Amino acid sequence: MSIEWSTLLFQLFVFLLPFALIIACCLFIVKRIAIKQKAIDELEKRVAALEQERKRPES
């Protein structure tokens, strides 16, 4: 019985492909959430700075 390496490698690739796709999707989602959270944090800082400027008494 001889092992056909090309068939074995193809089956291994097809078997691992769904796992790789799931991991890639998870990484994409996590990265996207991190980018959105960073943008939200920057906006909150800008809002806080504007509120501080508004509260300052005019000379």
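The model shown is predicted, which means the values in this text are computed figures rather than measured ones.

When helices and strands are tallied, the protein chain shows 1 helix and 0 strands. Against the 2.2 N^0.38 benchmark of 10 Å for 59 residues, the protein chain shows a C-alpha radius of gyration of 26 Å, more extended than a compact globule. Total accessible area on the protein chain is roughly 6300 Å²; 69% of this is exposed by carbon and sulfur atoms. Charge separation in the protein chain, taken as the distance between the mean sites of 9 positive and 7 negative side-chain charges, equals 2 Å.

For the structure on display, the rule yields 1 aromatic pair. Plain terms: the ring middles of Phe 15 and Phe 19 are 5.5 Å apart, the flat faces sit at 70° to each other, and that makes the pair edge-to-face. You can see Phe 15 and its partner Phe 19 sitting in helix α1 (residues 5-55), 4 residues apart, about one turn around the helix. Taking relative accessible area as the criterion, Phe 15 reaches 53% and is therefore assigned exposed. Judged by its relative accessible area of 45%, Phe 19 is partly exposed.

Here we come to α1. Between its first and last C-alpha atoms α1 spans 73 Å; for 51 residues at 1.5 Å apiece the expected length is 75 Å, and the two agree. Where α1 bends most, at Leu 16, the angle is about 30°, and the proline Pro 18 comes one to four residues later.

For the structure shown, the criterion picks out 0 disulfides. Cys 25 takes part in no disulfide bond, and the closest cysteine sulfur to it belongs to Cys 26, at a distance of 7.0 Å.

Among the structural elements, Ile 3 can be located in the segment before α1. Take Ile 3: its relative accessible area is 53%, and that puts it in the exposed class. Between the alpha carbons of Ile 3 and Leu 43 there is a distance of 60 Å; along the sequence they are 40 residues apart.

Cut-offs used in this document
Residues numbered from 1 in each chain as written. Predicted model: local features only at pLDDT ≥ 70, side-chain atom pairs only at ≥ 80, totals over all residues. Heavy atoms only, no water. Helix = DSSP H or I, 4+ residues; strand = E, 2+ residues; numbered from the N terminus. Rg over C-alpha atoms; globule rule 2.2 N^0.38 Å. Areas by Shrake-Rupley, 256 points an atom, 1.4 Å probe, with all protein chains shown as cover. Lys, Arg positive; Asp, Glu negative; His and termini not counted. Charge placed at Lys NZ, Arg CZ, Asp CG, Glu CD. Phe/Tyr/Trp six-rings, centres within 6.5 Å; stacked < 30°, edge-to-face > 60°. Buried < 20%, exposed > 50% of the residue type's maximum accessible area, 1.4 Å probe, protein only. Expected span 1.5 Å × (residues − 1). Bend = angle between axes of the 7 residues up to and from the residue. Disulfide = S-S within 2.5 Å.

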